[in-house]
Amino acid sequence: MAHPTAAQAGGVPLLLPRAPFPPGAPALDNAVWAALTGPHAHLAERVGRAARYRAETYDFAAVADPADPAAWADLHTLLGPAAHARVKPVERVPEGWTVLGGGEGVQLVDTALRAEPAPEAVRLGPDDVPEILGLVARTRPGPFLRRTVEMGTYLGIRHRGRLVAMAGERLRLPGWTEISAVCTDPAHRGRGLATRLVRAVAAGIRERGDTPFLHVAADNAPAIRLYEAIGFTSRRRSPFVRLRSPGTSGAGRALDVMTRSTRRAPTRPAAPNGAR
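Residues numbered from 1 in each chain as written. Predicted model: local features only at pLDDT ≥ 70, side-chain atom pairs only at ≥ 80, totals over all residues. Heavy atoms only, no water.

1. Considerations on the overall build of the protein chain
Then comes step 1: A count of helical and extended segments in the protein chain gives six helices and 13 strands.
Then comes step 2: Burial statistics for the protein chain: of 276 residues in total, 49% are counted as buried.
Then comes step 3: In the protein chain, the proportion of contacts linking residues at least 24 apart, taken out of those at least 6 apart, comes to 73%. (Helix = DSSP H or I, 4+ residues; strand = E, 2+ residues; numbered from the N terminus. Buried < 20%, exposed > 50% of the residue type's maximum accessible area, 1.4 Å probe, protein only. Contact = heavy atoms within 4.5 Å.)

2. Observations regarding helix α5 (residues 221–229)
Then comes step 1: Those residues of α5 that fall on the buried side of the exposure criterion are A221, A223, I224 and Y227. Considered in projection along α5, the buried side chains sweep an arc of 165 degrees and stay on one side of the axis. Residues of α5 that are exposed and point more than 90 degrees away from the buried face comprise P222, R225 and A229. (Arc of directions from axis to C-beta.)

3. A short note on the side chain of D74
Then comes step 1: Tracing the sequence through the fold places D74 in helix α2 (residues 69–79).
Then comes step 2: Buried charged residue D74 carries no salt bridge. Nearest counter-charge: R49, at 5.7 Å.
Then comes step 3: Residue contacts for D74: discarding those within four places in its chain leaves V47, G48, R49 and A50. (Lys, Arg positive; Asp, Glu negative; His and termini not counted. Salt bridge = Lys/Arg side-chain N within 4 Å of Asp/Glu carboxyl O.)

4. As for the pattern of salt bridges
Then comes step 1: Applying the stated rule across the entire model yields 18 salt bridges.
Then comes step 2: We note a salt bridge from R158 to E131, for which the minimum N-O separation is 2.7 Å. Of this pair, R158 sits in strand β9 (residues 154–159) while E131 sits in helix α3 (residues 129–139), placing them 27 residues apart in sequence.
Then comes step 3: A residue is classified by how much of its surface remains accessible, and R158, at 31% relative accessible area, is partly exposed.
Then comes step 4: One salt bridge connects R170 with E178, and the closest N-O pair in it is separated by 2.9 Å.

5. Examining helix α4 (residues 193–207)
Then comes step 1: Its 15 residues place the ends of α4 21 Å apart at the C-alpha level, agreeing with the 21 Å of an ideal helix rising 1.5 Å per residue.
Then comes step 2: Residues of α4 that are buried: L193, L197, V198, R199, A200, V201, A202, A203 and I205.
Then comes step 3: Elements that come into contact with the buried residues of α4 comprise β9, β10 (162–173), β11 (176–184), β12 (211–217), α5 and β13 (232–244).
Then comes step 4: Following α4 by one or two positions, G209 has its phi on the positive side, about 95 degrees. (Expected span 1.5 Å × (residues − 1).)

6. Some words on the sheet that holds strand β3 (residues 44–47)
The pairing of strands in a sheet happens through backbone hydrogen bonds and is either parallel or antiparallel.
Then comes step 1: The eleven strands are arranged β3-β4-β5-β6-β13-β7-β12-β11-β10-β9-β8 in an open sheet whose pairing can be described as mixed. Each edge of the open sheet carries a strand with a single partner, namely β3 and β8 (122–124). On average, adjacent strands in this sheet sit at an angle of 30 degrees to one another, irrespective of strand direction.
Then comes step 2: Bridging between strand β4 (residues 50–53) and strand β5 (residues 60–63) involves three bridges; their strand directions are antiparallel. Paired with A51 across the strands is A62, a residue of β5.
Then comes step 3: Of the strands in this sheet, β3, β4, β5, β6 (84–87) and β13 touch α2, which is tilted by about 40 degrees from β4. (Pairing = 2+ DSSP bridges. Axes fitted to C-alpha atoms, helices over the stretch in contact; angles between N-to-C directions.)

7. Observations concerning the environment of T153
Then comes step 1: With respect to the element layout, T153 can be found in the loop between α3 and β9.
Then comes step 2: For the pair T153 and G168, spaced 15 residues apart in sequence, the C-alpha separation works out to 5.5 Å.
Then comes step 3: With sequence-adjacent residues up to four places away left out, T153 is seen in contact with R123, A167, G168 and E169.
Then comes step 4: Separated by 3.4 Å, the side chains of T153 and R123 make a polar contact. (Polar contact = N/O pair within 3.5 Å; in protein donor to acceptor, adjacent residues only side chain to side chain.)

8. Some points on the nonpolar core
Where a protein is soluble and globular, its nonpolar side chains tend to be buried together.
Then comes step 1: I179, Y227 and F232 are the most contacted members of the largest nonpolar core, which has 26 residues in total.
Then comes step 2: Those elements that place two or more of their residues in this core are β7 (98–110), β9, β10, α4, β12 and α5.
Then comes step 3: In terms of residue count, the dominant contributor to this core is α4 (seven residues).
Then comes step 4: Once residues within four sequence positions are removed from consideration, I179 is found in contact with G168, V198, V201, A202, I205, P212, F213, L214 and F232.
Then comes step 5: The next biggest cluster of nonpolar side chains, apart from the first, holds 22 residues, and it includes Y53, F60, L171 and L173. (Core = buried A, V, L, I, M, F, W, Y, C linked by side-chain atoms within 4.5 Å.)

Listed below in structure tokens is the structure:
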């Protein structure tokens, strides 16, 4: 196991590994791309070295190499002119792309989690989406759209028939599956429901041979401490940006704009304001 070292993240000490994680971990450095070109390829739209999730599934796009102008040209072709997208991990964007916002998350991986089923949990599906969206609106765990439930297994706990807690799978890449949408209705917090669901979702992930990981907003110190306490290890910071593509049409023009950007300082993303 890697020996961690302390680092400061917004005033919160995080444990970052000195040595790399086991084989396959490099995929985590560009997790959205690894998912879209791997186990989630059936949910993807792709042009060359750029891909995105289908509408109403997950509002992120990805490029194979954020430093490659040709990949950004492919993304421009995929999105079209003056289109919006979220992309991670990105620290700089080419000239011509407008940064509308951004944030930063902390990526954590399972190193010592006790995974076990939760007998009271029920599997959620398309028929549960209206109730899921209601819980998401009350708790704001991060992006969740009408077809997000198609990305993996989602489990919930009900109280008197009402959905009060949830957790599930989002990004799935070779050897790894992200736990996401972890939330509990405010009236039912303090009972350990979210932790039980995280352990149950992790049990299903491990059963098929994958390792769980997750993302937490970098400024959410209580959540980071909680996940580290139950067996996750902070691996890296993961910046994202919300962008508008250049308002021109055609990949050729986009490539020309991005080629010029390599000779000048690219636009930096906005200051972090949270991420999931």
